[in-house]
Amino acid sequence: MSMWIQAQQLQGDALHQMQALYGQHFPIEVRHYLAQWIESQLWDSVELSNPAEEAKAKRLLDNLVTELQRKAQLQGGEDGFLLKIKLGHYANQLKVNCVIGAKTLDSLSQRHQQVNQAFEELRLATQETENELRKLQHSQEYFIIQYQENLRLQAQLSSLSSLPPAERTQRETPLQSKRATVEAWLAREASTLQKYRLDLSEQHQKTLTLLRKQQTLILDEELIQWKRRQQLAGNGGPHEGGLDVLQSWCEKLADLIWTNRQQIRRCEHLTQQLPLPGSMEDLLNKLNSDITDIISALVTSTFIIEKQPPQVLRTHTKFAATVRLLVGGKLNVHMNPPQVKAVIVSEQQAKALLKNESTHSESSGEILNNNCVMEYHQGTGTLSAHFRNMSLKRIKRSDRRGAESVTEEKFTVLFESQFSIGGNELVFHVKTLSLPVVVIVHGSQDNNATATVLWDNAFAEPGRVPFIVPDKILWNQLCEALDMKYKAEMHSGRGLSENNLVFLAQKAFTSTSNNPEEYRNMTISWAQFNRENLPGRNFTFWQWFDGVMELMKKHLKPHWNDGAILGFVNKQQAQDMLMSKPNGSFLLRFSDSEIGGITIAWVAENPNKTGERLVWNLLPYTSKDFSIRSLADRISDLNHLLFLYPDRSKDEVFSKYYTPPLSKAVDGYVKPQIKQVVPEFTTPNPEPSGTTPTFMDQTPSPSVVSPNNFAAYHSMGDTMLDADADFDLDDTMDVARHVEELLRRPLA
């Protein structure tokens, strides 16, 4: 049985989760009509992190577009006309995405090629200095042999003093001649050796310059970019990607640096073995110091956090993190596995750490299970420590500044370790700081803590002092951050449109302008974002936006991805949009006055005045309501709702989400089903011919009115409504929800 056939058998939440995976980035229709072809392709054979696999990935994508175009052309007749257009449109969209992806891959490939070329240049330079070093060693060994020969000749000449003058003169003359020849050769060779040594030092200096340049490219650009992607991933950005390529580069660097360091050490040994006049000792000391600095920077910079601890950290809650030493395997650190310790420190303590001020044993709390030994994984060549069961037992807060709340206070988890390389030749004390974390003690603080984290992740500047962020940013910058977060929460390519962002700007700046250009260069402060309440409300801009996301991701994600929810529309806009449409037209918009609320606005005749049309707004639904009955089922219940704005039949949009009819009575019991009714607009709900109703139509009793399920209000002139056409009857709503829960119970 194919995977897609199995997927079609999913029900309930599982079905909704599957549908949420698809969207404009990859329409579900493409998966459906190309199911057999898609499942026959070797998608897993493409190694995404390997630039060499680019051609294979491009072929697969091109073949997908070609197959979709072929499928579109096969559609014929009246029924296939619209499908042909739709599939053709999807093919064009995927083709555009393929071109964009190819450009990204090209850029990535060029960068990787640049790095690999530099490594080849370094390899050749290192090989050349190795060859020169061997020549120097060979020349020096021959020099020493000749020097010993000169000493032997000198000893022989000294021994002639005891011979008779005639014999001494006869034997002394050839020895002196030979000695003069050897000494002349030694003088010339000493000069040559010194030149060899100086030339080799210059070559090593050039190699060190190349190593620094390559290390800067990898650590200060590639690794920093990876960390930035990791930070943005905390806001819902794309996954930062694997570390395998970076590790391979860092290991090559470590190998080259260590090889050059060993060469320099051998040069030092040769110099000590045969001292010659000149400044070689100082040159070699500087080279040795420079190469040690380079490898120290590599080791300390590649001790990184692969998996960050949660940035909103609740006390007494288990959390995990993973740290990794990218050069650990290459430098054989795993031969004596080091231990890593995690402690939580304040923002001030983090600043002191970066200034190299002593903060030994200082922490701002107690973390349980905070020690872990690094493990070497032979298959992957990685050395890492996996903290799986940490828990923050207590936290010590600092004095807050001004209006700063506890959810604006930032901490960080410090990971530190100590180990040696080269047989204790070099000892390293490494440390790394996590992304900022906000500590909470109750779930009610999560909303504001998330705001602090989002602002920090989005607007932190590279190399900042912990954890300074700008107090004001451009509105466009915030739009990018909100769009990124929203798309991630919806698991969709459908983010916030320009109209959505204009709506948000109007809310943030209390403006009525519909011109996006007016907001482009405006700035928004942190206080406007999540410290000061919106005018006339008891919540901030972020709290309202986060409430929308929570509602959507828990209950309405598929409907957003389908384009069924406009959402970011105010009451007046909804009225203007609907008044030009036929009666029964409706749209879904987010409540202005309630966090995490969504309402249905529709146009219909005024039952109290013939010929007059009004736009009505249903009391906002919240997550509690959708946990009782889904949005699709509620829309199905309301027969006066006919067309989703602008002109789509509601069944065309929502029928795939309707709950299937209940089965017939079992053991003599009929299970009731709640049905939403708006009394002023109630019409008989036709049953399929020849069938028996499978649910009980629940209507409100005169004594218990459920405003959340039955009350409707039009947009003008109702004295029971507040200024925003939203009820404020919390107690009544609680009673209504309780009644609905009672109605769900089986009949006794």
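Everything below is about the structure printed above this text.
Residues numbered from 1 in each chain as written. Predicted model: local features only at pLDDT ≥ 70, side-chain atom pairs only at ≥ 80, totals over all residues. Heavy atoms only, no water.

Draft legend 1. Up close: the overall build of the protein. Of the regular secondary structure elements, the protein holds 21 helices and 19 strands. For the protein, buried positions account for 45% of its 748 residues. Of all intrachain contacts in the protein linking residues separated by at least 6 positions in sequence, the fraction that spans at least 24 positions is 68%. Total accessible area computed for the protein in this model is approximately 38,600 Å², and 51% of it derives from carbon and sulfur atoms. (Helix = DSSP H or I, 4+ residues; strand = E, 2+ residues; numbered from the N terminus. Buried < 20%, exposed > 50% of the residue type's maximum accessible area, 1.4 Å probe, protein only. Contact = heavy atoms within 4.5 Å. Areas by Shrake-Rupley, 256 points an atom, 1.4 Å probe, with all protein chains shown as cover.)

Draft legend 2. Here's a closer look at the packing of aromatic side chains. This structure, assessed with the given rule, holds 25 aromatic pairs. Aromatic pair Trp526 and Phe529: ring centres 5.8 Å apart, planes at 45°, arrangement tilted. Separated by three residues within a single helix, Trp526 and Phe529 lie in helix α15 (residues 526–530), roughly one turn from each other. Note on Trp526: relative accessible area 8%, which makes it buried. Here the aromatic rings of Phe529 and Trp542 are separated by 5.6 Å at their centres, their planes lie at 40°, and the arrangement is tilted. One end of the pair, Phe529, is in helix α15; the other, Trp542, is in helix α16 (residues 541–561), and 13 residues separate them in sequence. For Trp542, a relative accessible area of 0% gives the class buried. It is Arg494 that lies over the ring of Trp560; its NZ or CZ is 3.6 Å from the centre. The residue whose ring lies beneath Lys507 is Trp544, and the NZ or CZ to ring-centre distance is 4.5 Å. (Phe/Tyr/Trp six-rings, centres within 6.5 Å; stacked < 30°, edge-to-face > 60°. Lys NZ or Arg CZ within 6 Å of the ring centre and 35° of its normal.)

Draft legend 3. Structural view of the side chain of Ser364. Looking at where Ser364 falls in the secondary structure, it is placed in the loop between α10 (347–354) and β5 (365–368). Given the relative accessible area of 5%, Ser364 is considered buried. Ignoring any residue separated from it by four or fewer positions in sequence, one finds Ser364 in contact with Ile344, Val345, Ser346, Gln349, Arg394, Ile395, Lys396 and Phe411.

Draft legend 4. Expanded view of the side chain of Gln263. Looking at the secondary structure, you find Gln263 in helix α8 (residues 244–273). Here the side chain of Gln263 touches His204 through a polar contact of 2.8 Å, side chain to side chain. Beyond its immediate chain neighbours, meaning those up to four positions away, Gln263 contacts Thr126, Thr129, Glu130, Leu133 and His204. (Polar contact = N/O pair within 3.5 Å; in protein donor to acceptor, adjacent residues only side chain to side chain.)

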